[in-house]
Amino acid sequence: MEYRIEHDSMGNIEVEADKYFGAQTARSLSNFKIGTEKIPPEVIRAFAYLKASCATTNNELGKLSKEKADIINAVCKEILDGKLDEHFPLSVWQTGSGTQSNMNVNEVITNRGNELAGKRLLHPNDDVNMSQSSNDTFPAAMHIAALIEISDKLLPSLNELILAFKKLEEENAGIVKSGRTHLQDATPIAFSQEISGWRASLENDYNQISSSLEFIGKLALGATAVGTGLNCPKGFDSAVAKNISKLTGKEFITDSNKFHALTSKSELSFVHGGLSSLATDLMKIANDIRWLSSGPRCGLGEIFIPENEPGSSIMPGKVNPTQCESMTMVCVQVMSNNVAVNMASSQGNFELNVFMPVLIHNFLQSVRLLSDGMDSFRVHCVCGIKANRQKMHENLHNSLMLVTAISPYIGYESAAKVAKLAHKENISLKEATLKLDLMTEEEFDKVFKPEEMV
């Protein structure tokens, strides 16, 4: 591998010759050889929006020449187009402020920008980082990345899943089955009603998550090092938020209290709580579906799900609810990430939180996994669910809890005797009721109509 010599305030260091990053990135690569987790690409794209907007704003405020602003914007466009991905190699497990990733972006923009300009035009600190500090750019990039990914990826995937359940609900109108509580037989329920519960849970999650996005639409830019805005021109914070909004098509504003913006990460913790809540509902729905599809002969077997692949390397013909299993594993990871996000959010010591890389790594992993997981679950499972009408009918009419229909006529305790006798002697509820001489056959038939109990 060939190297070139780069210089920073600590002296000279070798840097890979074919990379646009510089000295501080090289130092980070050397000092933090930890794990395989890299700063998420979503954060790098957020930095591109941020750096381009900062350059434009500095130019508008008379701080940066148009030539420099244009070159910075040109490189940021290349970053957004994915042309420079290989030049952002830093580990999540670096400085907790994300300083080295901020400088990684500054260095790449500088070196690529100078190459485009054909001269030494840009300096990573003086030009690309003008009016900024790592302490306000990294939290701003976190908010930008989180809002964009939830808006453009997670919410659309969630909405598609909701629509799939709406369609399933309509397709299964009129089918009555046995309800279940405590994993035990309960009174009848329409299959469409059961599906509507799944749909409504997801609709609530959608509304909760979407309504929380306004909190991460607030940016720390303009705070610089400790929140005082040192070396930042007046009006920069509001103007840069407007420019970021123009570039991204999302609504961003400046945070009214920069001291809060640097040290508190409660907004991200709050929004991730919504992601965790979504995971709890998806866990319940996926588990319901795999319980209902259990069998095919020794389980509940009330629904059929798509048979996507062989389920066993030793048992021929076995097919498993793999999409449900995948979805529930995603949910476990997201709920675990919620712990990491909350713990990281709590570590705002004095004027800065220094657990930001691990926080955003876990946050964006949750968004990514939920989005992809819901798409897979919808396409390969939900859209192919079919009711096993025969099994539902058999289970419904075999349920002892249908005795609830005659309870108002013979009393709770007498109805309990009917259920116990029917179970003990393996006879029908009607036979047990007549055997106990609690109702006539005509009286029983008049009120015992399972399909009308929903």
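Thresholds, definitions, all that
- Residues numbered from 1 in each chain as written.
- Predicted model: local features only at pLDDT ≥ 70, side-chain atom pairs only at ≥ 80, totals over all residues.
- Heavy atoms only, no water.
- Phe/Tyr/Trp six-rings, centres within 6.5 Å; stacked < 30°, edge-to-face > 60°.
- Helix = DSSP H or I, 4+ residues; strand = E, 2+ residues; numbered from the N terminus.
- Buried < 20%, exposed > 50% of the residue type's maximum accessible area, 1.4 Å probe, protein only.
- Axes fitted to C-alpha atoms, helices over the stretch in contact; angles between N-to-C directions.
- Parallel < 35°, antiparallel > 145°, perpendicular 65-115°, else oblique.
- Left-handed = near helix turned anticlockwise from the far one by under 90°.
- Contact = heavy atoms within 4.5 Å.
- UniProt positions renumbered as here; feature names shortened; annotations may be inferred.
- Pairing = 2+ DSSP bridges.

Within this structure, the stated rule accounts for four aromatic pairs. For the pair Phe165 and Trp198, a centre-to-centre distance of 5.7 Å together with 65° between the ring planes defines the contact as edge-to-face. Of the two residues, Phe165 is situated in helix α6 (residues 134-171) and Trp198 in helix α7 (residues 191-212); the sequence distance between them amounts to 33 residues. By the burial criterion, Phe165 is buried, and Trp198 matches it. With 5.4 Å between their ring centres and 80° between their planes, Phe215 and Phe270 make a pair best called edge-to-face. Here Phe215, found in the loop between α7 and β5 (218-219), pairs with Phe270, found in helix α10 (residues 266-292); they are 55 residues apart in sequence, far enough to count as distant. For Phe215, a relative accessible area of 32% gives the class partly exposed.

Quick look at the packing of α6 against α10 now. At their nearest, the axes of α6 and α10 sit 13 Å apart, and the two run at 25° to each other. Taken together, α6 and α10 sit at an angle that is classed as roughly parallel. Note that α6 runs across α10; the crossing there is left-handed. The segment α6 lies against α10, with Met142, His143, Ala146, Ile150, Leu154, Leu158, Leu161 and Phe165 engaging Glu267, Leu268, Val271, Leu275, Leu278, Leu282, Ile285 and Ile289.

Another aspect to go through is the environment of Lys119. Here Lys119 lies in the loop between α4 (99-117) and α5 (124-128). Since its relative accessible area comes to 42%, Lys119 is described here as partly exposed. Sequence-distant contacts of Lys119, defined by excluding residues within four places in its chain, comprise Glu67 and Asn114.

With that out of the way, let us pick up the environment of Cys232. Along the chain, Cys232 turns up in the loop between β5 and α8 (236-248). Judged by its relative accessible area of 17%, Cys232 falls in the buried class. Here the alpha-carbon distance between Cys232 and Met130, two residues 102 residues apart in the chain, equals 8.0 Å. The residues contacting Cys232, other than those within four sequence positions of it, are Ser131, Gly222 and Thr224.

Moving on, we come to the packing of helix α2 (residues 41-60) against α8. The geometry of a pair of packed helices is captured by two quantities: the angle between their axes and the separation between those axes. Relative to each other, α2 and α8 sit at 130°, their axes nearing to 8 Å. One element, α2, and the other, α8, form an angle in the oblique class. Considering only the axes of α2 and α8, their crossing is right-handed. Here Tyr49, Leu50, Ala52, Ser53, Cys54, Thr56, Thr57, Asn58 and Glu60 of α2 come into contact with α8, specifically with Phe236, Ala239, Val240, Asn243, Ile244, Leu247 and Thr248.

The next point concerns the UniProt feature "site: Important for catalytic activity" (unreviewed entry) in the chain. In the UniProt entry, the feature "site: Important for catalytic activity" (unreviewed entry) is given for Glu325. Examined against the element boundaries, Glu325 turns out to sit in helix α11 (residues 322-345). Setting aside anything within four residues of it in sequence, one finds Glu325 in contact with Arg290 and Asn320.

Before going further, it helps to examine the pairing of strand β2 (residues 11-16). A regular strand places its side chains so that they alternate between the two faces of the sheet. As defined by bridge partners, strand β1 (residues 3-8) adjoins β2 across six bridges and the pair is classed as antiparallel. Its bridge partner lying in β2, Arg4 is registered against Val15. Between β1 and the antiparallel strand that follows it, β2, lie two residues.

Relative to the assigned elements, Ser407 resides in helix α14 (residues 407-410). Note on Ser407: relative accessible area 17%, which makes it buried. Along the backbone, Ser407 and Val418 are eleven residues apart, and their C-alpha atoms lie at a distance of 9.9 Å. If we ignore the near neighbours within four places in the chain, the residues touching Ser407 are Tyr412 and Ala415.

Tracing the chain through its elements places Ser134 in helix α6. Leave out the neighbours within four places in its chain, and Ser134 touches Ser97, Thr99, Asn102 and Pro139.

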